[in-house]
Amino acid sequence: MSCVVDSNSGKVLAFYTTNSAYNPNQINLRHAKLLQTLDGAVAAQPWIAGPLTDVAVILEDEMHHLRPLNGGKWYCFLAVRLADANLGITKEIMRRHSF
């Protein structure tokens, strides 16, 4: 599942999923605190090597990958099962489909 979320309103702007069990609105609510934390990190720009480009959260059987877009106003979110992909594949999918 992949979705784009407006960080100000928390609304899902676009999504795609191959599994009806994934509801982007439920995932959005579950990660609201993470999005707020990322907003603060993007605004502070505390990294010496450059700006925050993406964040991977690895769970027991899933990986969630977030990338700030539009100056941190939106986030592109990708959820994959660890059985189907690894971090390298996930980062490449995100790189190709978010700009």
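Scroll up for the structure.
Residues numbered from 1 in each chain as written. Predicted model: local features only at pLDDT ≥ 70, side-chain atom pairs only at ≥ 80, totals over all residues. Heavy atoms only, no water.

**Q** Is there a simple way to think about the sheet that holds strand S2 (residues 12-16) in this case?
**A** Working definition: the strands of a sheet are paired by backbone hydrogen bonds and lie parallel or antiparallel to each other. Taking strand neighbours across the sheet as the criterion, the five strands line up as S2-S1-S5-S4-S3 in an open arrangement whose pairing is antiparallel. Only two strands of the sheet have a single neighbouring strand rather than two, namely S2 and strand S3 (55-58). Along the sheet, successive strands turn relative to each other by an average axial angle of 15°, direction set aside. Here five bridges tie strand S1 (residues 2-6) to strand S5 (residues 74-81), and the two strands are oriented antiparallel to one another. The residue bridging Ser2 from the neighbouring strand is Leu78, located in S5. Helix H3 (residues 87-97) rests against S3, strand S4 (62-69) and S5 of the sheet, and its axis sits at about 30° to S4. (Pairing = 2+ DSSP bridges. Helix = DSSP H or I, 4+ residues; strand = E, 2+ residues; numbered from the N terminus. Axes fitted to C-alpha atoms, helices over the stretch in contact; angles between N-to-C directions. Contact = heavy atoms within 4.5 Å.)

**Q** Is there a simple way to think about the nonpolar core in this case?
**A** Side chains of nonpolar character tend, in soluble globular proteins, to be buried together. Of all hydrophobic cores here, the largest spans 13 residues; its most connected members are Leu38 and Phe77. Contributions of two or more residues to this core are made by S1, helix H2 (32-44) and S5. In this view, Leu38 contacts Leu52, Val55, Leu66 and Tyr75; residues no more than four positions away in its chain are not counted. Cys76, Leu78, Ala85 and Met94 belong to the second largest nonpolar core, which has eight residues in total. (Core = buried A, V, L, I, M, F, W, Y, C linked by side-chain atoms within 4.5 Å. Buried < 20%, exposed > 50% of the residue type's maximum accessible area, 1.4 Å probe, protein only.)

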